[in-house]
Amino acid sequence: MGTDVRVRFCPSPTGTPHVGMVRTALFNWAYARHTGGKMVFRIEDTDAARDSEESYLQLIDALTWLGIDWDEGVEKGGPHGPYRQSQRTEIYLEIVERLKASGHLYESFVTPDEMEARNVAAGRDPRQGYDNFERDLTEEQRADFRAQGRQPSLRLRVPDSDLSFDDLIRGEITFPQGSFTDFVVVRPNGAPLYTFVNPVDDALMGVTHVLRGEDILSSTPRQIALYLALIEIGVTDVIPRYAHMPLVLGEGSKKLSKRDPESNLFHHRDRGFIPEGLLNYLALLGWSIAADRDVFTQAEFTEAFDIVNVNPNPARFDQKKADAINGDHIRMLAPDDFQARLLPYLTGLVADPPTPDQQAILREAAPLVQERMTVLSEAPGLLAFLFTPTDALTYDDDALPKDADQARRILEASSAVLQQLDDFSTAAIEEALRAELIEGAGLKPRDAFGPLRTALSGRRISPPLFESMEILDKEATLARLERFRRHLG
């Protein structure tokens, strides 16, 4: 498709990054990488009451963590800066003056009450809004309004025709003539509105494709109307292609709200998602690489992604599926990489940096849990017992045996047979315990090994039992079996 594709991601820095917003960034980035184009990252920070520097830094953090890089924009620069709307006021005002001079913008003095009264007088719905009546005010009428102390807003003169565009996801969409009226683009205080600055920035930055959520599809004809005016005054010569991505839904098929925990990108990171897993899952919110395949790498995603293949129907955020895909990506990590990513979740259990003994334990234990984990936050529950002194180990209620007498007998028999082992390897431990408890005592594996697992880890679920004994070593294993036997009375 050539290298002329230019997309943009332009969030407002309010609140924490929402997965729907990040999905928008992801699809823009993937389309730019797929086509050999460029992605512009700019910030729409003209709402001083809601925007915050903390939120801005969180946006940078989120994209950087996920590996969504941009070609020009904030923190990087480029030929079309500045890339924060709050720093572009002079640029907007210059365009406003050109559009006023060309007649595309005109002054509007009407108040909401007057607008409603006009509609009532004309037999229309009072809430219908503006009816374009000020398009042809005389200079004398304008002067009279100013004499009353009124400050005008500026409205864009909308073309008297249907406005159509070919949505890359949804196909041909037409807004009939009269479906919306001339709209305000500059407030009475002279501040340009989002409906003005957003398309102006797109035009000045050479954006060729606007890929965004379907929740703002209704604003597209207004943007096209403004684009037509910008073309006429020579600011740009083309209207970008539009694509409106499906909504992301939560439980009960409702739009994923900022109040829903799963909407918060950092909630997933804190739970132990790795960027590869979350990026993979977010890519599936409206798109698929193949009918029978859900797991893929970042490189495979960008190679395959095309915006025209995005499904227009709403996508539902499925936490269980997201966890499963993250688990698949955890298993794809190289052993050293996996161990390094576990460390932030073992704070308080392992020194920073780990001691040589702790590093050795982690090196042996990591492969045992890598196959079992879906999120990295499961690490403390699975591995804490390996870094806990025997006399500090606690026992979960659900891990305690129902038959304490039988458990004591199992612990005593196991201690006796393990005491005799000179080779305290996984294979030797398993052979000895199975011979004693399964073949000799006729116990089922669950009944035989459950008390041993609790004695070692304090939990009902742990890494593989015999491997855990080898990692702990003979002395610590026997000490834990004896301690739990005494705990049972």
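Look a little higher up for the structure.
Residues numbered from 1 in each chain as written. Predicted model: local features only at pLDDT ≥ 70, side-chain atom pairs only at ≥ 80, totals over all residues. Heavy atoms only, no water.

Undergrad: Would you take a moment to explain the packing of helix α15 (residues 404–419) against helix α17 (residues 445–457) for this structure?
TA: Think of two packed helices as two axes; the pair is described by the angle between the axes and how far apart they sit. Running from N to C, α15 and α17 point in directions that differ by 80 degrees, and their axes come no closer than 9 Å. It follows that α15 is roughly perpendicular to α17 by the angle criterion. Residue-level contacts link Ala407, Ile410, Leu411 and Ser414 of α15 to Asp447, Ala448, Pro451, Leu452 and Ala455 of α17. In terms of residue class, the contact of α15 with α17 is made up of 7 nonpolar, 1 polar and 1 charged. (Axes fitted to C-alpha atoms, helices over the stretch in contact; angles between N-to-C directions. Helix = DSSP H or I, 4+ residues; strand = E, 2+ residues; numbered from the N terminus. Parallel < 35°, antiparallel > 145°, perpendicular 65-115°, else oblique. Contact = heavy atoms within 4.5 Å. Nonpolar A, V, L, I, M, F, W, Y, C, P; charged D, E, K, R; others polar.)

Undergrad: Would you explain the pattern of salt bridges in this entry?
TA: Once the charged atoms of two side chains with opposite charge are near each other, the side chains can pair. Using the criterion set out here, one finds 41 salt bridges in the structure. Here Glu107 makes a salt bridge to Arg142, at a shortest N to O gap of 3.9 Å. Separated by 35 residues along the polypeptide, Glu107 in strand β4 (residues 105–108) and Arg142 in helix α5 (residues 139–147) bring together distant segments of the chain. Taking the relative accessible area as the measure of exposure, Glu107 reaches 16% and is therefore buried. What makes Arg142 buried here is its relative accessible area of 16%. Of the charged contacts in the structure, one is a salt bridge between Asp323 and Arg271, with a shortest N-O distance of 3.0 Å. Of the two residues, Asp323 is situated in helix α11 (residues 319–331) and Arg271 in helix α8 (residues 265–271); the sequence distance between them amounts to 52 residues. It is possible to trace a salt-bridge network through shared partners that takes in Arg8, Arg42, Glu44, Arg88, Asp201 and Asp202. (Salt bridge = Lys/Arg side-chain N within 4 Å of Asp/Glu carboxyl O. Buried < 20%, exposed > 50% of the residue type's maximum accessible area, 1.4 Å probe, protein only.)

Undergrad: Sorry, what's going on with the sheet that holds strand β5 (residues 153–156) here?
TA: Adjacent strands of a sheet form backbone hydrogen bonds with each other and so pair up, either parallel or antiparallel. With respect to topology, 3 strands assemble into an open sheet ordered β4-β5-β8, the strand pairing being antiparallel. Whereas interior strands pair on both sides, the edge strands pair on one side only; in this sheet they are β4 and β8 (183–186). Averaged over all neighbouring strand pairs, the angle between strand axes comes to 50 degrees, with direction disregarded. (Pairing = 2+ DSSP bridges.)

Undergrad: What should I look at first to understand the environment of Gly250 in this one?
TA: By the secondary structure assignment, Gly250 is in the loop between β11 (248–249) and α8. In this structure Gly250 comes out as buried when scored by relative accessible area, which is 1%.

Undergrad: What is the right way to read the nonpolar core from this model?
TA: What tends to happen in soluble globular proteins is that the nonpolar side chains get buried as a cluster. Counting 87 residues, the largest nonpolar core has Phe196, Leu282, Phe301 and Ile307 as the members making the most contacts within it. Among the elements that make up this core, the one with the highest residue count is helix α1 (residues 19–35) (9 residues). Not counting chain neighbours up to four residues away, the residues in contact with Phe196 comprise Tyr92, Ile95, Val96, Leu99, Val185 and Leu226. (Core = buried A, V, L, I, M, F, W, Y, C linked by side-chain atoms within 4.5 Å.)

Undergrad: Quick question: what am I supposed to make of the packing of aromatic side chains here?
TA: Two descriptors summarise a pair of aromatic rings, namely the distance from one centre to the other and the angle between the planes of the rings. Evaluated as defined, the whole model comprises 15 aromatic pairs. When the centroid spacing of 4.8 Å and the interplanar angle of 80 degrees are considered together, the rings of Phe41 and Trp70 count as edge-to-face. On the criterion of sequence distance, the pair formed by Phe41 in strand β2 (residues 38–41) and Trp70 in the loop between α2 (53–66) and β3 (72–73) is long-range, its members being 29 residues apart. When its relative accessible area of 0% is taken as the criterion, Phe41 is described as buried. Residue class for Trp70 comes out buried when judged on its relative accessible area of 8%. When the centroid spacing of 5.1 Å and the interplanar angle of 80 degrees are considered together, the rings of Tyr281 and Phe317 count as edge-to-face. Here Tyr281, found in helix α9 (residues 275–283), pairs with Phe317, found in the loop between β12 (315–316) and α11; they are 36 residues apart in sequence, far enough to count as distant. Since its relative accessible area comes to 2%, Tyr281 is described here as buried. Residue class for Phe317 comes out buried when judged on its relative accessible area of 2%. By way of ring pairs, the aromatic residues Phe27, Trp287, Phe296, Phe301 and Phe305 are connected into one cluster. (Phe/Tyr/Trp six-rings, centres within 6.5 Å; stacked < 30°, edge-to-face > 60°.)

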